[in-house]
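Take a look at the letters that make up each chain.
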Protein chains: 2
Amino acid sequence: MRKPKIVVLGAGYGGMITTVRLQKLLSVNEAEITLVNNNSYHYQTTWLHENAAGTLHHDKTRLNIKDVIDTSKVNFVLDTVVEIRGKEKRVILKNGELEYDYLVVGLGFESETFGIKGLKEHAFSIANINGARQIRDHIEYMFSRYATEKRDELLTIVVGGAGFTGIEFVAELANRVPELVHEYDLPREKVRILCVEAAPTALPGFDPELVEYAVKFLEKKGVEFLIGTAIKEATETGIIVSKDDKIEEIKAETVVWAAGVRGNSLVEESGFEAMRGRIKVDQFLRAPGHDDAFIVGDAALIFNPENDRPYPPTAQIAIQEGYNLGKNLAVLVRGKGELEPFTFDNKGSVCSLGHDDGIGVVFGKKLTGWQAAFMKKIIDNRYLFLLGGPLLVLKKGKLNFF
Amino acid sequence: MRKPKIVVLGAGYGGMITTVRLQKLLSVNEAEITLVNNNSYHYQTTWLHENAAGTLHHDKTRLNIKDVIDTSKVNFVLDTVVEIRGKEKRVILKNGELEYDYLVVGLGFESETFGIKGLKEHAFSIANINGARQIRDHIEYMFSRYATEKRDELLTIVVGGAGFTGIEFVAELANRVPELVHEYDLPREKVRILCVEAAPTALPGFDPELVEYAVKFLEKKGVEFLIGTAIKEATETGIIVSKDDKIEEIKAETVVWAAGVRGNSLVEESGFEAMRGRIKVDQFLRAPGHDDAFIVGDAALIFNPENDRPYPPTAQIAIQEGYNLGKNLAVLVRGKGELEPFTFDNKGSVCSLGHDDGIGVVFGKKLTGWQAAFMKKIIDNRYLFLLGGPLLVLKKGKLNFF
């Protein structure tokens, strides 16, 4: 009897949880599971801002995929997806092709620059391990040049966006500054971290009381906020911003864009119906018109029935999608049992402000300070536990609670 | 009674040893000693190539001047020398002026580019702590960019010159490569270290048997030598070399010029008779026509009576000069005793090949391998002992003998 072929594209939160769930639920004889990823490692996207700031080494953020999957049950293919041919049930890779009976697409996000001039060329984005490491090294290199060149803009870091990523990143940067000042013999007062946000508030959508806590906390640490200020252009020497119709240039050698993400453009290019790279999936995470193709993670567009607005793409929802999908795929493979519709159980969210502070709403309760930081670590460790059990928590977990 | 004023310019090997010798020999009432330096720290110039390669942190190479000098006897001035007015017996600093009765000039070396086009703009030199740190960070930044840009020249390091500094530097680089390959997930075979030397041999003037040992050792570690090859130009994208009238371009994002030094140009500009910034001093290290101005270190030009050629500028000779000069200044201040002419006691030299190998001639005996490396550390530690006693050796010494 021919075993059904399940192909999982992308080893992010969604793809990984789908895979480990499948390998738990199915025996070797029930299905042929293949996981495709362009790196040999999986990484925690929500920790990348720490790698970029240099407060956490990227080896802590990533783990070898083969250390987590059961290679007797899952075939790992290190390759890059080029195209999905839904009608032929085939996936074209850079170095090969795969056929599938069931496809899981978890190809993640891309940076969305909203057509702002120069951003692609002159700004970094915290997109993956390579990009985060490069930001860390770029900042260090600029700081190392200050001693000989003495140009203030070498020590200016502009972060575009005061959303979740932007805030968490500037908080890590603020914690890194004292180390950098020592390493490069710098005058502290010359180092500037600017956070530019077009919306009328930082962390739009977050509880205003918590936002105020975060902004005050970060300002105390030296972060400068330019709220209600739009980045008009990124140039070789910095950015051009506008506020109340006033145009201003800010010189900065480091500009990091943390204000927008969209789904992976490959899904659009492969003919799936998508909005900004995100596919509106049905209750079983299926792409419209594709009974055998499922979308998890940042490319899955799911609407909150309470307010009819899409859930923002987060690790939390991706993990829950993977968990649900793994089980549903096992049902499909076996041809018995019932599919369980996906519903998002929002447990809240925590925005870290460095490793020892934060803000958040968890199970409907507002948290600030060390309680929020503590909860953030619990969330991070819980994911590792789900992925690889207690040993993985010990190896890669955030255990610096105090 | 007015105390004679001794002003020491520069806290390099020569200036520091002169100063600590003076503070040992003279009591507080005998002279007013002032040490001027443009940094609050002294550093070991001969270790800078390790900082630049990233195999040793620069904080190990430098020490706070105030931790070594006796501040009850020596007045330390953190400032930059602008001009020496020999006739007025005055030194103009950026933020002040100093009068002297005796002047010690130990302002060190500058990189000499021999007019090669583009070197000043596009090549680094291992000149001081700031420069060395910047080279380390530049290499790291180029390597970090490889993952996204995939351009081979990001991983190519060209070192101009296979003299002492060039050889010691490529050896440290070769030791650093495995670390860099791991940190940046690089294919080892893409990383290139090229050592370009215009002379017909590496380490010209060194024992040929030892040179062969060094070259073979380094080639085994992946260093490529281009001997008899002249750098014609440094450009934005690399260097242009010529060998046997054949012109070739080598693409490289990192070019370090380690092939020439000259004395500090300030001494020439101040009207001292000099050749490439070096002043031919008399037997008491006095500048011609200046009975009260003494030159130590790289700017002092002293001829070897055996072959009538100038001694190359080394730490060893600078240290011996400072030791001699400190004693002679004490004699002059007291107005009794006899001046002792300076003679260079060449104890030999060791060229390190990383921390655990090397070549050298010490007390006339050829050394290779761990014996040479061991001797190099003895030499380094001996200097620290001379400068600050056993505690300084413990704090900053090279104690990783095995």
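Fair warning: this is a prediction, and the values are worked out from it, not measured in the lab.

A. Looking closely at the sheet that holds strand β1 (residues 5–9) of chain B. Residue and element names in this part refer to chain B. With respect to topology, five strands assemble into an open sheet ordered β5-β2-β1-β9-β21, the strand pairing being parallel. Strands with a single pairing partner mark the edges of an open sheet, and in this sheet they are β5 (74–78) and β21 (293–295). Neighbouring strand axes in the sheet, compared pairwise and without regard to direction, differ in orientation by 20° on average. Judged from the four bridges that link them, β1 and strand β9 (residues 102–105) form a sheet pairing that is parallel.

B. Summary view of the interface of chain B and chain A. Facing the 22 residues of chain B at the interface are 22 residues of chain A. Across the contact surface, chain B and chain A share six salt bridges. Taking the shortest distance from any N to any O, the salt bridge between Glu-183 of chain A and Arg-136 of chain B comes out at 2.9 Å. Summed over the shared surface of chain B and chain A, the result is 18 residue pairs in polar contact (both at pLDDT 80 or more). Elements supplying a minimum of two residues to the side of chain B that touches chain A: α3 (58–61), α5 (129–149) and α6 (164–183) of chain B. Of all the elements, α5 of chain B adds the most residues to the side of chain B that touches chain A, at 13 residues. Broken down by class, the residue content of the side of chain B that touches chain A amounts to four nonpolar, eight polar and ten charged.

C. Seen up close, the pairing of strand β7 (residues 90–93) of chain A. All names here are of chain A. Relative to β7, strand β6 (residues 81–85) runs antiparallel, the two being bridged by four bridges. Residue pairing in the sheet places Glu-83 in a bridge with Ile-92 of β7. Between β6 and β7, which pair antiparallel and follow one another directly, the connecting turn spans four residues, one of which, Lys-89, has a positive phi of 55°. Two strands pair when backbone bridges link them, and β7 and strand β8 (residues 96–99) are joined in this way by four bridges, in the antiparallel orientation. Residue pairing in the sheet places Arg-90 in a bridge with Glu-99 of β8.

D. Just helix α9 (residues 315–334) of chain B, in detail. Residues and elements named next belong to chain B. Look at α9: 29 Å from first C-alpha to last across 20 residues, which is about the 28 Å you get at 1.5 Å a residue. Along α9, 15 of the 20 residues are buried, which leaves the element largely enclosed by surrounding structure. Remark: Gly-335 follows α9 within two positions and exhibits a positive phi of approximately 70°.

E. Layout of the UniProt feature "domain: FAD/NAD(P)-binding" (unreviewed entry) in chain A. Annotation from UniProt places "domain: FAD/NAD(P)-binding" (unreviewed entry) at residues 5–322 of chain A. Within residues 5–322 of chain A, the helical portion is 30% and the strand portion 30%, while the C-alpha atoms at the span's ends are 17 Å from each other.

F. The arrangement of the packing of aromatic side chains in detail. Residues and elements named next belong to chain B. Summed over all chains, the structure comprises 13 aromatic pairs over all chains. For the pair Tyr-41 and Tyr-43, a centre-to-centre distance of 6.2 Å together with 50° between the ring planes defines the contact as tilted. When the ring centre of Tyr-41 is taken as origin, the NZ or CZ atom of Arg-62, which lies over that ring, is 4.7 Å away.

G. Inspection of the domain arrangement of chain A at higher detail. Each assigned domain of chain A is listed here: domain 1 (5–38 + 79–111 + 261–346) and domain 2 (119–257). Taking only C-alpha atoms, the centre of domain 1 of chain A and the centre of domain 2 of chain A are 34 Å apart.

H. The side chain of Arg-262 of chain B, seen in detail. All names here are of chain B. Mapped onto the secondary structure, Arg-262 falls in strand β19 (residues 261–263). Arg-262 gets classed as buried once you look at its relative accessible area, which sits at 16%. Here the side chain of Arg-262 touches Glu-268 through a polar contact of 2.3 Å, side chain to side chain. Discounting chain neighbours no more than four positions away, the residues touching Arg-262 are Gly-108, Phe-109, Glu-110, Ser-111, Glu-112, Glu-268, Arg-276 and Gly-277.

I. Structural context of the packing of helix α1 (residues 13–25) of chain A against helix α10 (residues 369–396) of chain A. Residues and elements named next belong to chain A. For the pair α1 and α10, interaxial distance at closest approach is 9 Å and the crossing angle is 40°. As summarised for this structure, α1 and α10 are arranged oblique, according to the angle between their axes. Contacts between α1 and α10 involve Tyr-13, Met-16, Ile-17 and Val-20 from the first element and Tyr-383, Leu-386 and Leu-387 from the second. The class makeup of the residues in the contact of α1 with α10 is seven nonpolar, no polar and no charged.

J. View of empty space enclosed by the protein. By the definition in use, this model includes two cavities of 30 Å³ or more. Put simply, the largest cavity is a space of about 40 Å³. Arg-278, Gly-297, Asp-298, Ala-300, Ile-302, Tyr-311, Pro-312, Pro-313, Ile-317 and Glu-321 of chain B together form the lining of the largest cavity. Looking at the second largest cavity, its volume works out to about 30 Å³. In terms of lining, the second largest cavity is formed by Leu-26, Ser-27, Val-28, Ala-31, Ile-33 and Lys-73 of chain A. When its residues are assigned to classes, the lining of the second largest cavity shows four nonpolar, one polar and one charged.

K. Inspection of the relation of the copies chain B and chain A at higher detail. Rotating chain B by 180° and moving it 0.0 Å along the rotation axis overlays it on chain A with an RMSD of 0.0 Å. Taken together, the rotation and translation describe the operation of a two-fold axis. Looking at the rotation axis and the C-alpha trace of chain B, the residue lying nearest is Tyr-141 of chain B, at 3.2 Å. Take the interface residues of chain B: 100% of them recur as interface residues in chain A, which is what a same-surface contact looks like.

L. Local environment of the environment of Ala-127 of chain B. Residue and element names in this part refer to chain B. Relative to the elements of secondary structure, Ala-127 occurs in the loop between β11 (124–125) and α5. With 53 residues separating them in the primary sequence, Ala-127 and Leu-180 have C-alpha atoms 23 Å apart. Residue contacts for Ala-127: discarding those within four places in its chain leaves Tyr-43, Leu-48 and Phe-109.

M. Layout of α6 of chain B. A rise of 1.5 Å per residue sets the reference length of α6 of chain B, with its 20 residues, at 28 Å; its end C-alpha atoms lie 29 Å apart and thus fit the reference within 8%. One or two residues past the end of α6 of chain B sits Asp-185 of chain B, with phi positive at roughly 50°.

N. Main features of the pattern of salt bridges. All names here are of chain A. Scanning the model with the defined rule gives 66 salt bridges over all chains in all. Across the pair Arg-90 and Glu-88 runs a salt bridge whose closest N-O atoms are separated by 2.5 Å. The class of Glu-88 is partly exposed, set by a relative accessible area of 43%. Ionic pairing is found between Arg-286 and Asp-282, a salt bridge with its closest N-O pair at 2.9 Å.

O. Focus on the nonpolar core. Within the largest apolar cluster, 100 residues are counted, with the highest numbers of intra-cluster contacts made by Phe-143 of chain A together with Phe-143 of chain B. Residues in contact with Phe-143 of chain A, not counting those within four places in the same chain, are Leu-154, Leu-155, Ile-157, Leu-180, Tyr-184, Leu-186 and Val-191 of chain A.

P. Quick look at the sheet that holds strand β27 (residues 365–368) of chain B. All names here are of chain B. An order of β25-β26-β27 is seen for the three strands of this open sheet, with the pairing classed as antiparallel. At either margin of the open sheet sits one strand with a lone partner, and together these are β25 (348–352) and β27. This sheet shows a mean twist of 10° between the axes of neighbouring strands, independent of strand direction. Where strand β26 (residues 358–362) and β27 come together, four bridges link them in antiparallel fashion. If you follow Gly-360 over to β27, its bridge partner there is Leu-367. Along the sheet, helix α7 (residues 208–220) makes contact with β26 and β27, crossing β26 at roughly 160°.

About the criteria used
- Residues numbered from 1 in each chain as written.
- Chains lettered and ligands numbered in written order.
- Predicted model: local features only at pLDDT ≥ 70, side-chain atom pairs only at ≥ 80, totals over all residues.
- Heavy atoms only, no water.
- Pairing = 2+ DSSP bridges.
- Helix = DSSP H or I, 4+ residues; strand = E, 2+ residues; numbered from the N terminus.
- Axes fitted to C-alpha atoms, helices over the stretch in contact; angles between N-to-C directions.
- Contact = heavy atoms within 4.5 Å.
- Salt bridge = Lys/Arg side-chain N within 4 Å of Asp/Glu carboxyl O.
- Polar contact = N/O pair within 3.5 Å; in protein donor to acceptor, adjacent residues only side chain to side chain.
- Nonpolar A, V, L, I, M, F, W, Y, C, P; charged D, E, K, R; others polar.
- Expected span 1.5 Å × (residues − 1).
- Buried < 20%, exposed > 50% of the residue type's maximum accessible area, 1.4 Å probe, protein only.
- UniProt positions renumbered as here; feature names shortened; annotations may be inferred.
- Phe/Tyr/Trp six-rings, centres within 6.5 Å; stacked < 30°, edge-to-face > 60°.
- Lys NZ or Arg CZ within 6 Å of the ring centre and 35° of its normal.
- Domains from an automatic or database assignment.
- Parallel < 35°, antiparallel > 145°, perpendicular 65-115°, else oblique.
- 1 Å grid on protein atoms, 1.4 Å probe; cavity = no way out; pocket = protein on both sides within 12 Å on 5 of 7 lines; lining within 4 Å.
- Points joined across faces, edges and corners; volume = space filled by probe spheres on them.
- Least-squares fit on C-alpha atoms with pLDDT ≥ 70 in both.
- Core = buried A, V, L, I, M, F, W, Y, C linked by side-chain atoms within 4.5 Å.

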